[in-house]
Structure formats: C-alpha cells, structure tokens
Amino acid sequence: MKVCSLSRMALVLLAFCSIVMARDLDQDEALRLRQQGVILPLEQVVKQALERYPGSKLLEAELEEKHDVYIYEVELLTTEGVVRELDLDAATGELLKDKED
C-alpha cells in the first residue's frame, strides 16, 4: 500500500513539474516580445523549419517559455507522412530539438 501511494505521489509531482517547466505564451505577449526585438518573427522560424523538410506542411506552431528561454515549437507533416516536432530558440532561430512525434 505504501509503494502504491508513493508511486501516485511521484506521478503527481512529475505532472506538476512538467507544467511548471513550460509555459505557452498568448498572442499578445508574443507580439510584445517581437516588437521589443526579444524574439524572431514566427514566419522566419516557420520558413526555416519548412526548409529543413522540403515539401512538408505546417501543422502547428506555438511559442513557449522553458527555463526563461523562449522557444518556438513547430510541428510539421513531412512528405513521407511523418510528424516532426522541432524546437527552435525564438531569439536566435537555433535548432534545439528535432524529433519524430
């Protein structure tokens, strides 16, 4: 019984930490950051992601803040039918992660 309770507690803590680690930004906040020159335009980052996978289609793009770093998360559908998730530094455009989703 104790192990079960500890396992549940660990899962709740893990879920809470995951929520705390990443925060989605709304469009007003994203616009303010763009106008201040803190982040690159979304169009520029999406173009960069699409160039990485020619012929792919944009599924979703969002701006998140993780550990005080702004990140564009871009989901693409490749010509092979594979969904790719790319994380790009919103300030520099640097590719941080590229994984199959």
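Per an unreviewed UniProt entry, the protein chain goes by the name PepSY domain-containing protein and belongs to Pseudomonas migulae.

### Observations concerning the overall build of the protein chain
Across its full length, the protein chain carries three helices and five strands. Reading the protein chain from its N end, one meets helices and strands in the order α-β-α-α-β-β-β-β. Of all 101 residues assigned to the protein chain, the portion counted as buried reaches 28%. Taking the contacts inside the protein chain whose residues are at least 6 apart along the sequence as the reference set, 37% of them involve residues at least 24 apart. With an accessible surface of roughly 7,000 Å², the protein chain has 58% of that area assigned to carbon and sulfur atoms.

### What about the pairing of strand 3 (residues 69–77)?
Sheet topology note: the strand 2 (residues 57–66)/strand 3 ladder contains nine bridges and is antiparallel. Looking across to strand 3, one finds that Glu64 is bridged to Ile71. Where strand 2 folds back on strand 3, the antiparallel hairpin that results is connected by two residues, among which His67 adopts a positive phi of roughly 50 degrees. With seven bridges connecting them, strand 3 and strand 4 (residues 83–89) associate as antiparallel partners. Each residue of the ladder has a partner; that of Tyr72, found in strand 4, is Leu88. Here strand 3 folds back onto strand 4, and the loop between the two strands holds five residues, one of which, Gly81, carries a positive phi near 85 degrees.

### Quick look at the nonpolar core
Formed by 14 residues in total, the largest nonpolar core has its most connected members in Ile39, Val45, Leu63, Tyr72 and Val74. Sorting the residues of this core by element identifies helix 2 (27–35), helix 3 (42–52), strand 3 and strand 4 as the ones contributing at least two each. Not counting the four nearest positions on each side in its chain, Val74 is found in contact with Val45, Ala49, Leu58, Glu60, Ala61, Arg84, Glu85, Leu86 and Leu88.

Conventions used here
Every chain is numbered on its own, with residues counted from 1 as its sequence reads. Local features are withheld for residues below a pLDDT of 70 in this predicted model, meaning they are given only at 70 or higher, and side-chain atom pairs are given and counted only at 80 or more; totals for whole chains, interfaces and linings count all residues. As a convention, hydrogens and water are excluded, and side-chain values are obtained from all of the structure's heavy atoms. We count a stretch as a helix when DSSP gives it H or I for four or more residues in a row; a strand needs E for two or more, and each element gets its number in order from the N terminus. Relative accessible area decides the class of each residue, using a 1.4 Å probe on protein chains only: under 20% of the type maximum gives buried, over 50% gives exposed, and in between gives partly exposed. Residue contacts follow a heavy-atom distance rule, with two residues in contact if any of their heavy atoms lie within 4.5 Å. Computed with the Shrake-Rupley method and a 1.4 Å probe, the accessible areas treat only the protein chains shown as cover for residues. Here, any two strands with at least 2 DSSP bridges between them count as paired. To qualify as a nonpolar core, a set must consist of buried Ala, Val, Leu, Ile, Met, Phe, Trp, Tyr and Cys residues joined through side-chain atoms within 4.5 Å.

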